[in-house]
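# Fold and contact review
What follows is each chain in one-letter form.
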Amino acid sequence: MKFCQNSKCHTYKTKDRIKGTKGSKTYQTRRRSSFYYGNDNFCSMNCYNDWANEFADRAIDHFGRITVAKHLTKDNAWSKDYDWDYSGSGSTRTNYRFVNGITNERRPLTEEQYRDKSYTLNTGE
Ligand SMILES: [Zn+2]
């Protein structure tokens, strides 16, 4: 279980946030096994936005603010894709591939390569 990372989560007064023993109940930060927002860190878009409004500038300055336009070229337009195969019971992923967003060239990819987030054909940013 983990907590929503918005420092103001507890200020949203919803029934599910009321916790504690009788006589000392308080609105508390949401705690779940997983969250839908902000890469599994926030319980709602409101909480995600609160955090972004408070910390986005500092986070961007820390990791590098974009100050000039980036360009999509054939050298950095590779992305990973796959199809769904419904022929068996249920569905499985199949035909893993790289697709170039500029040239539309396709290159086969193994499932392992697909899952490897550091594996890319892109040579530029
Ligand atoms: Zn929250």
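Presented here is a report on the structure given in the accompanying data block. Bear in mind that the values here come from a model prediction, so they are computed numbers and not experimental data.

The subject of this paragraph is the coordination of the zinc ion. Tetrahedral metal sites with four donors have an ideal angle of 109.5 degrees; octahedral sites with six donors have ideal angles of 90 or 180 degrees. Note on the zinc ion: its protein donors are Cys 4 (SG), Cys 9 (SG), Cys 43 (SG) and Cys 47 (SG). The metal-donor distances range over 2.3 to 2.4 Å. The site at the zinc ion holds 4 donor atoms, and with the angles between them running 105 to 115°, its shape is tetrahedral. Considered as a linear motif, the donors of the zinc ion on their single chain read C-x4-C-x33-C-x3-C. Of this pair, Cys 9 sits in the loop between strand 1 (2-3) and strand 2 (18-19) while Cys 47 sits in helix 1 (residues 45-63), and the two are 38 residues apart along the sequence. Cys 9 sits in the buried class, given a relative accessible area of 0%.

Our focus in this paragraph is the pairing of strand 6 (residues 92-100). When strand 5 (residues 78-85) meets strand 6, the two strands line up antiparallel, connected through 7 bridges. Residue Asp 83 lies in a different strand from strand 6, and its bridge partner there is Thr 94. In this antiparallel pair of consecutive strands, strand 5 and strand 6, the connection spans 6 residues, and Gly 90 shows a positive phi of 80°. Of the strand pairs in this sheet, strand 6 and strand 7 (residues 106-108) are connected by 3 bridges, and their pairing is antiparallel. Within the sheet, the bridge partner assigned to Phe 98 lies in strand 7 and is Arg 107. Remark: 5 residues form the turn of the hairpin made by strand 6 and strand 7, two consecutive strands paired antiparallel; Asn 104 in that turn has positive phi of roughly 65°.

Here we come to the sheet that holds strand 5. Reading across from one edge, 5-6-7 is the order of the 3 strands in this open sheet, with antiparallel pairing throughout. Each edge of the open sheet carries a strand with a single partner, namely strand 5 and strand 7. Each strand of the sheet is rotated relative to its neighbour by a mean of 35°, with strand direction disregarded.

The next thing to look at is the pattern of salt bridges. In the structure shown here, the tally under the stated rule is 10 salt bridges. Between Lys 2 and Asp 40 there is a salt bridge, and its shortest N-O distance comes to 2.7 Å. With Lys 2 in strand 1 and Asp 40 in the loop between strand 4 (31-32) and helix 1, this residue pair connects regions lying 38 residues apart in the sequence. For Lys 2, a relative accessible area of 30% translates into the label partly exposed. Asp 40 gets classed as partly exposed once you look at its relative accessible area, which sits at 26%. The partner of Asp 75 in a salt bridge is Lys 74, and the shortest N-O contact between them spans 3.6 Å.

Conventions and cut-offs
- Residues numbered from 1 in each chain as written.
- Predicted model: local features only at pLDDT ≥ 70, side-chain atom pairs only at ≥ 80, totals over all residues.
- Heavy atoms only, no water.
- Donors = N, O, S within 2.8 Å, 3.2 Å for Na, K, Ca; no water.
- Tetrahedral: all angles 85-135°; square planar, octahedral: opposite > 155°, others 65-115°.
- Helix = DSSP H or I, 4+ residues; strand = E, 2+ residues; numbered from the N terminus.
- Buried < 20%, exposed > 50% of the residue type's maximum accessible area, 1.4 Å probe, protein only.
- Pairing = 2+ DSSP bridges.
- Axes fitted to C-alpha atoms, helices over the stretch in contact; angles between N-to-C directions.
- Salt bridge = Lys/Arg side-chain N within 4 Å of Asp/Glu carboxyl O.

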